Amino acid sequence: MPDSPAIGPSSNSAVLRRSFRKAFPPAVRGEGVYLWDARGKQYLDFSGSAAVNFIGHGVAEIAAAMTAQAKQLEFVHSSQFTTPVAEEYAAELLDFAGKNFEDGCVYFTCGGSESVETALKLARQYQVEIGQKTRHQVISRGQSYHGSTLGALSVSGNKRRREIYLPMVREFAHIAFPYCYRCAFDCTDSCRNCGQKYAAELEEAIEAAQGEVAAFIVEPVSGATLGAVVPPPGYLQSVAEICRRHGVLLIADEVMTGMGRTGSNFAVDHWDVAPDILVTAKGLSSGYAPLGAVLVSKRVADAIAHGSGAFQHGFTYNSHPISLAAGRAVLRFLQERKLVQSADSEQQGSIAATLRRALESLRDAKSVGDVRGIGLLWGVEFVADQASKRPFASQLNFAGRVAQAAVQRGLLVYPMQGCVDGVSGDHLLIAPPAVITAEQIDWAVKQLGEAIDETVP
């Protein structure tokens, strides 16, 4: 293997990198849960490359499906053609999503941010089509993250990612969110009561907007910004009922949680919630090609079909045939190998249950405040003091230092900051591919525990 050095902070690279202050080893190969850099160092991908890879790296069937499609037809513009792969895959995806999306439709994009943009515009057009022309606001939650485009940032609550762009962003209401580890209410009933109080804030925000709210967008299980916070019992059901009662569309952002990651086809299935629009990406193609999708219920699709008859929106590369071939092959692969069942942390003997038990052992570390999650999506929150839950000073970048110590051991995790107030609060996101083994989990958790211990100030 060629001796290609890491692209470091002072390296002369033509790539505009995410950071000019860290080194990036060139990745050259992937197989299963492992990645290798150009020097031959092996890494266990314990974060699924930002909760993207669900089926494992290097699956030959996916590459073969993409190659076959590329040989037959590489691209057509969606304003001129549909394709067999788009029609067949959309039908299969709707079937995978279940009864709520029966007779609905799918809008394919190139990723999560594009999908959220699509969903926001779709919600607005739906309201116009049914005669609710004043409805244009989209309510979201503080400490949420829905994407990096300006529209997606407008409904995101991630302070660090949006602050510099605020003069360019259209602001709507952001309501509080249930976060049981740091709950502001009484949590003696497994947070059911506090969940209802947080849901009531949505109703208050809708009423305060005086008929201008088009939609509410929510991550059923929080992603990177809060680190796999699972909603309390009854919360999502109440949110859905409030939206229905006020004529507000419910958008489920399942970019990170969809396609089996939480142990059900989509995370909303755990709570029997039926969103009007569902956004997914990441695991949709498991990273094999840029791909996102917006699943639209029949009611929303019919409003446009029987109204103006055209969705006023589009991207050059939406419904790209090669990406769709990848996504379709990924769906078949995860269904044939029952990977959604493997990701069910409540199913005894599943690999997700093994992961849950292993991660619980990290609570013994004095700097670990909380271990939370569901399926194959978990968060580990760090604190300077367990009793008071006091976070580390943000400038210490504790999570980033833990992640770097893990990298030195050949382990990849996803560090984040700001879970407490948008600035302070450190956590890691753990989201391995569903093909991980018990032995690999044991090794990874051992390495992570040592990295945490090493980082304690």
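Everything quoted here is computed from the prediction, not taken from an experiment.

**Q** Please provide a residue-by-residue account of the nonpolar core, values included.
**A** Of all hydrophobic cores here, the largest spans 109 residues; its most connected members are Phe-46, Ile-55, Ile-62, Phe-216, Leu-295, Leu-334 and Phe-382. When sequence neighbours within four positions are dropped, the list of residues in contact with Leu-334 reads Phe-54, Ile-55, Phe-96, Met-259, Leu-339 and Val-340. Counting residues in hydrophobic clusters, the runner-up holds 25 residues, among them Phe-172, Leu-249, Val-300 and Ala-301.

**Q** Lay out the sheet that holds strand E15 (residues 426-430) with the relevant residues and their values.
**A** Taken in spatial order, the 4 strands make up an open sheet running E11-E12-E15-E14, and their pairing is antiparallel. With partners counted over all chains shown, the strands left at the sheet margins are strand E11 (368-374) and strand E14 (414-417), one partner each. Strand-to-strand twist in this sheet, taken as the mean axis angle between neighbours without regard to direction, amounts to 20°. Of the pairings in the sheet, the one linking E11 to strand E12 (residues 377-382) comprises 6 bridges and is antiparallel in character. When the sheet's bridge partners are listed, Arg-372 is paired in E12 with Gly-379. Across the sheet, helix H12 (residues 351-360) touches E11, E12 and E15, and the angle it forms with E12 is around 5°.

**Q** I'd like a rundown of the sheet that holds strand E9 (residues 277-280), residues and numbers included.
**A** A sheet is described by the order of its strands in space; here 7 strands give the open sequence E4-E10-E9-E8-E7-E5-E6, paired in mixed fashion. Both outer strands of the open sheet, strand E4 (105-109) and strand E6 (174-175), are each paired with one neighbouring strand and no more. Bridge count between strand E5 (residues 137-141) and strand E7 (residues 213-218): 3 bridges; the pairing is parallel. When the sheet's bridge partners are listed, Ile-139 is paired in E7 with Phe-216. Its contacts with the sheet put helix H4 (residues 112-129) on E4, E5, E7, strand E8 (249-254), E9 and strand E10 (292-296), and the angle it makes with E9 is roughly 165°.

Each value, and the rule that gives it
- Residues numbered from 1 in each chain as written.
- Predicted model: local features only at pLDDT ≥ 70, side-chain atom pairs only at ≥ 80, totals over all residues.
- Heavy atoms only, no water.
- Core = buried A, V, L, I, M, F, W, Y, C linked by side-chain atoms within 4.5 Å.
- Buried < 20%, exposed > 50% of the residue type's maximum accessible area, 1.4 Å probe, protein only.
- Contact = heavy atoms within 4.5 Å.
- Pairing = 2+ DSSP bridges.
- Helix = DSSP H or I, 4+ residues; strand = E, 2+ residues; numbered from the N terminus.
- Axes fitted to C-alpha atoms, helices over the stretch in contact; angles between N-to-C directions.

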